[in-house]
Amino acid sequence: MELQLSTTALPVKTMDEEEAVNPKPEIEESCKPKCIKAWLEYEACQKRVGEDTTGEAHCTGQYFDYWHCVDKCAAKKLFA
């Protein structure tokens, strides 16, 4: 079986075409100050976990609470 290569040209972008911009990172950044309470709870948890000697403590709940707040805020702007 012989491999045949296509000689069809690939599409080339012109300078007039713009790249799509994902607004989510910028919107998330603007939402983070609104979630400061959840962030401070997460930081306090990290400090407690750092002092834990059992190795069983974690801050998963606080981490998800923080990102839930950010996502909820961002969703209002992304899907409006």
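Going by the structure above, here's the rest.
As enumerated under the stated definition, the model contains two salt bridges in all. For E28, the salt bridge is made with K24, and the minimal N-O distance between the two is 3.2 Å. Highlighted residues: E28 and K24, both in helix α1 (residues 24-31), separated by four residues, approximately one helical turn. E28 gets classed as buried once you look at its relative accessible area, which sits at 14%. Ionic pairing is found between K32 and E29, a salt bridge with its closest N-O pair at 2.8 Å. On the accessibility criterion, K32 (24% relative accessible area) is partly exposed.

What the rule picks out here adds up to five aromatic pairs. Taking 5.7 Å as the distance between ring centres and 70 degrees as the angle between the ring planes, the aromatic pair formed by Y63 and F64 counts as edge-to-face. Take Y63: its relative accessible area is 37%, and that puts it in the partly exposed class. Members of the aromatic cluster, joined through ring pairs, are W39, Y42, Y63, F64, Y66 and W67.

Moving on to a positive patch on the surface. A cluster of basic residues, K34, K72, K76 and K77, forms a positive patch at the surface. Here K72 shows up in helix α3 (residues 60-78). You can call K72 exposed: its relative accessible area is 52%.

Those residues of α1 that sit buried are I27, E28 and C31. The arc enclosing the buried residues of α1, seen along the axis, measures out at 100 degrees, which places them on a common side. On the buried face of α1, the contacting elements are α3.

A word on the state of the cysteines. Scanning the model with the defined rule gives three disulfides in all. Here C31 engages in a disulfide with C73; their sulfurs sit 2.2 Å apart. Taking the sign of the S-S torsion, -75 degrees for the link of C31 and C73, the bridge is left-handed. Taken together, the residues span a long stretch of sequence, with C31 in helix α1 and C73 in helix α3 at a distance of 42 residues. Overall, C31 belongs to the buried group, its relative accessible area being 0%. One disulfide in the model links C45 with C59; its S-S distance is 2.1 Å. Across the disulfide from C45 to C59, rotation about the S-S bond amounts to roughly -100 degrees, and the bridge is consequently left-handed. Of this pair, C45 sits in helix α2 (residues 36-51) while C59 sits in the loop between α2 and α3, and the two are 14 residues apart along the sequence. A residue is classified by how much of its surface remains accessible, and C59, at 10% relative accessible area, is buried. When the bonded cysteines of the protein are counted from the start of the sequence, the pairing works out to 1-6, 2-5, 3-4.

Parameters and conventions
Residues numbered from 1 in each chain as written. Predicted model: local features only at pLDDT ≥ 70, side-chain atom pairs only at ≥ 80, totals over all residues. Heavy atoms only, no water. Salt bridge = Lys/Arg side-chain N within 4 Å of Asp/Glu carboxyl O. Helix = DSSP H or I, 4+ residues; strand = E, 2+ residues; numbered from the N terminus. Buried < 20%, exposed > 50% of the residue type's maximum accessible area, 1.4 Å probe, protein only. Phe/Tyr/Trp six-rings, centres within 6.5 Å; stacked < 30°, edge-to-face > 60°. Patch = residues over 30% accessible without salt bridge, like charges linked within 9 Å, V, L, I, M, F, W, Y side chains within 5 Å. Areas by Shrake-Rupley, 256 points an atom, 1.4 Å probe, with all protein chains shown as cover. Lys, Arg positive; Asp, Glu negative; His and termini not counted. Charge placed at Lys NZ, Arg CZ, Asp CG, Glu CD. Arc of directions from axis to C-beta. Contact = heavy atoms within 4.5 Å. Disulfide = S-S within 2.5 Å.

Take it as geometry only, folks, not as evidence of what the structure does.
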